[in-house]
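Residue-level structure breakdown
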Amino acid sequence: MKYLLLIVLSFSLGISQEKKQEIQPNAIAVYWKTLDLDSKEIFLFSYLTQVYDTHQEMIKDMGYGDITSWYYDNKAEMVYGIFDQVNQVGMKEFIGWIDEYYSNEEFAGNSFDEAMSFAFRFQQAAGETMWEKYENLKFGKIKPEE
């Protein structure tokens, strides 16, 4: 009887355990992880250039209307900032932050724009270590208004 109770109890505990949802990596995250450093530089530069060129063509073809403004606010503004940063510190450091982002399994399903946003924020943050940068970013968000 003890054995039967033990089996039923362990079976019911096994069923009641909630399964973790598997995160499906997106195609760009999978592709990014297969590239070597030189290929990552080419990919990143191509991606940034494509967004920049698209924005410039939109301005040329449509002017500074609602659609062009939306594209700038949601895509191009960050790319312009990344170009400025990359010119100052180089691509390798920026690529390192994207690698850091995609090394965390919970981010594998996120878009490349989110990885670039992460890299952009952490590249700008003060501090030498990841922890210092995180603390400085967190402090910047909760800093009291003057």
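Everything discussed here concerns the structure shown above.
**Side note on the nonpolar core**
Ranked by size, the top nonpolar core spans 31 residues in total, and within it Leu44, Ile98, Phe112 and Met116 carry the most contacts. Once you skip the residues sitting within four places of it in the chain, Ile98 turns out to touch Trp32, Leu44, Phe112, Ala115, Met116 and Ala119.

**A few points about helix α5 (residues 91-102)**
Here α5 is 12 residues long and its end C-alpha atoms lie 17 Å apart, about the 16 Å a rise of 1.5 Å per residue gives. What α5 keeps buried is the set Met91, Phe94, Ile95, Trp97, Ile98, Tyr101 and Tyr102. Along α5, the residues classed as buried sweep out an arc of 155° about the axis, all on the same side.

**Thoughts on the packing of aromatic side chains**
All chains considered together, the criterion is met by 14 aromatic pairs. The interplanar angle of 75° and the centroid separation of 5.4 Å between the aromatic rings of Tyr52 and Tyr80 together place this pair among those described as edge-to-face. Of this pair, Tyr52 sits in helix α3 (residues 37-62) while Tyr80 sits in helix α4 (residues 66-89), placing them 28 residues apart in sequence. Given a relative accessible area of 18%, Tyr80 falls into the buried group. With a centroid separation of 6.3 Å and 85° between ring planes, the pair formed by Tyr52 and Phe83 is classed as edge-to-face. One end of the pair, Tyr52, is in helix α3; the other, Phe83, is in helix α4, with 31 residues separating them in the sequence. Here Phe83 falls in the buried class, since its relative accessible area comes to 18%. Through pairs of rings, three or more aromatic residues link up here, namely Tyr31, Trp32, Phe43, Tyr47 and Phe112.

**Here we look at the side chain of Asn26**
Mapped onto the fold, Asn26 is located in the loop between α1 (2-16) and α2 (27-34). Within the structure, the side chain of Asn26 is placed 3.2 Å from the backbone nitrogen of Ile28, a separation counted as a polar contact.

**Describing the pattern of salt bridges**
What the rule picks out here adds up to 4 salt bridges. For Glu41, the salt bridge identified is with Lys92, shortest N-O distance 3.1 Å. Of the two residues, Glu41 sits in helix α3 while Lys92 sits in helix α5, which places them 51 residues apart along the sequence. Classification of Lys92 as exposed rests on a relative accessible area of 51%. For Glu57, the salt bridge is made with Lys60, and the minimal N-O distance between the two is 3.8 Å. Residue Glu57 and its partner Lys60 are located together in helix α3, separated by 3 residues, close to a single helical turn. By relative accessible area, which is 40% here, Glu57 ends up partly exposed.

Procedures and definitions
- Residues numbered from 1 in each chain as written.
- Predicted model: local features only at pLDDT ≥ 70, side-chain atom pairs only at ≥ 80, totals over all residues.
- Heavy atoms only, no water.
- Core = buried A, V, L, I, M, F, W, Y, C linked by side-chain atoms within 4.5 Å.
- Buried < 20%, exposed > 50% of the residue type's maximum accessible area, 1.4 Å probe, protein only.
- Contact = heavy atoms within 4.5 Å.
- Helix = DSSP H or I, 4+ residues; strand = E, 2+ residues; numbered from the N terminus.
- Expected span 1.5 Å × (residues − 1).
- Arc of directions from axis to C-beta.
- Phe/Tyr/Trp six-rings, centres within 6.5 Å; stacked < 30°, edge-to-face > 60°.
- Polar contact = N/O pair within 3.5 Å; in protein donor to acceptor, adjacent residues only side chain to side chain.
- Salt bridge = Lys/Arg side-chain N within 4 Å of Asp/Glu carboxyl O.

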